[in-house]
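Remarks on the overall topology
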Amino acid sequence: MEEKTPKQKTRVVVGLSGGVDSSVAAWVLKEQGYDVVGMFMRNWHDTTGTLAGDCPWYDDRVFAELVAKKLDIEFHFIDLSDQYRQRVVDYMFAEYGRGRTPNPDVLCNREIKFDAFLKAALDLGADYVATGHYCKTDTVVSPVDGKPYHRLIAGDDHNKDQSYFLCQLNQEQLSKALFPIGDLEKPEVRRIAAEQGLATAERKDSQGICFVGKVDLPVFLQQKLAARPGGSIIEIPADWSGYSEPTHAPYSPYTYRETDGVKVGEHNGAHFYTIGQRKGLHVGGKPEPLFVIATDVERNVIYVGMGDRHPGLYRRGLRIRPDEMHWIRPDLTMTPDSAPRPYLVRIRYRQPLQQATLHVDRDGWGVIDFAEPQRGVTAGQFAAWYAPDGELIGSGVIDA
């Protein structure tokens, strides 16, 4: 289990979420001798669009307090709702409005847990903050410049590894971060919680948007994005000529026109849909399900393809804008003069790592070429690249 410093009198504020992972993280730190403080953050309390049965924040707080009491640690409550709305939810609305699909969990970690929450913890005299993420860190001396750098490493439980959600953290944030359960597997975490009599031992893992929960996305988004009924759903045939166009760049999305296919239905707003989506199209009578392969928010058109092997669902690569390339390891930053590097890449949580090559073109864009075509490459999501030993080197927002 992760240890960074001599523990005596080292104060660690744990983000107690009301779940089993953060509860066991707090227990581990206390067992290791740290001065442990629990703090629960309320980040969202608007129920618009949330689905019935999802645990509201006040239930989470009750469980967090029960754990703190059981562990006999100091407990604090903080309301970060304003920061969360401004820095995560408003970003979500803006990205969906542009026809992109953001990842709010990545933003929540960068902007809230390891920024706003971290600052609040430091105000309480913390030396570190800790969470229940399944990942690890250590510190190495770089062979490039001889300086020490903090590494972010995948958790030992490959089914629960959450390093992807932390792919936008920087060196300063990692220097203050502890991940006490990164070397444990989920069954072991639940076993420890049960043995210690923690109230969260059998509690289900949270799902959906970070701190918001499961939502009816169109209803949730209509808080700020108006419906646009009457938009066309255009089905593109699998033998569309553009798929065999030799000049098409492997990292660029296909560009469709309404005349390239057949109208098969209507929708209430292209900005409510994302690449690879199957549900919510309400188009029947097809031998196989339809999947969204492209959206055009300006013209309010959705393009779909039939079957999960439709070529429109797959791309051989992607691009990342120069200002959206992020290097957790600054010493490994690539420039247009750098030789291409092989990395293991994922474009969504829990996707198996994929063999790929990363290079930076003459204009500073990051270009990732996959060894095999990837399904559902989606603008607005994050691509994260790893070294073979599980270290997360950097990440970037996938461009359209």
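Heads up: the structure comes first, above all this text.
In this text the structure is predicted, and so the values were computed from the model without any measurement.

Attention now moves to the pattern of salt bridges. Any two side chains of opposite charge can pair, on the condition that their charged atoms come close. What the rule picks out here adds up to 31 salt bridges. In this structure, the salt-bridge partner of Glu-188 is Arg-191, at a minimum N-O distance of 2.5 Å. Of the two residues, Glu-188 and Arg-191 are both situated in helix 6 (residues 186–195); the distance of 3 residues between them amounts to about one turn of the helix. When the shortest N-O distance is used, the salt bridge between Glu-235 and Lys-286 registers 2.7 Å. Of the two residues, Glu-235 is situated in strand 8 (residues 231–235) and Lys-286 in the loop between strand 9 (262–267) and strand 10 (290–296); the sequence distance between them amounts to 51 residues. For Glu-235, a relative accessible area of 14% puts it in the buried group.

Here we have 5 strands laid out as an open sheet, ordered 3-2-1-4-7, and parallel in their pairing. Either end of the sheet is taken by a strand with one partner, and the two such strands are strand 3 (74–79) and strand 7 (177–178). Both strand 1 (residues 11–15) and strand 4 (residues 128–130) contribute to a ladder of 3 bridges, which runs parallel. Opposite Val-13, over in strand 4, you have Val-129 as the bridge partner.

The next point concerns the sheet that holds strand 11 (residues 301–306). Pairing is mixed across the open sheet formed by 4 strands, whose spatial order is 9-8-11-10. Pairing within the sheet leaves two strands with one partner each, and these edge strands are strand 9 and strand 10. For this sheet, the mean inter-axis angle between neighbouring strands, taken without regard to orientation, is 30 degrees. Note that strand 8 and strand 9 share 5 bridges and pair antiparallel. Bridge pairing links Gly-231 to His-267 in strand 9.

The next point concerns the pairing of strand 17 (residues 391–398). On any regular strand, side chains alternate: one points to one face of the sheet, the next to the other face. Across the 8 residues of strand 17, 8 count as buried, placing the element largely inside the fold. Relative to strand 17, strand 12 (residues 314–327) runs antiparallel, the two sharing 4 bridges. Residue Met-325 lies in a different strand from strand 17, and its bridge partner there is Gly-396. As defined by bridge partners, strand 16 (residues 382–386) adjoins strand 17 across 5 bridges and the pair is classed as antiparallel. Looking across to strand 17, one finds that Tyr-386 is bridged to Leu-392. Linking strand 16 back to strand 17 in an antiparallel pair, the connection comprises 4 residues, with Gly-390 at a positive phi of about 95 degrees.

Here is what the cut-offs are and how they apply
- Residues numbered from 1 in each chain as written.
- Predicted model: local features only at pLDDT ≥ 70, side-chain atom pairs only at ≥ 80, totals over all residues.
- Heavy atoms only, no water.
- Salt bridge = Lys/Arg side-chain N within 4 Å of Asp/Glu carboxyl O.
- Helix = DSSP H or I, 4+ residues; strand = E, 2+ residues; numbered from the N terminus.
- Buried < 20%, exposed > 50% of the residue type's maximum accessible area, 1.4 Å probe, protein only.
- Pairing = 2+ DSSP bridges.
- Axes fitted to C-alpha atoms, helices over the stretch in contact; angles between N-to-C directions.

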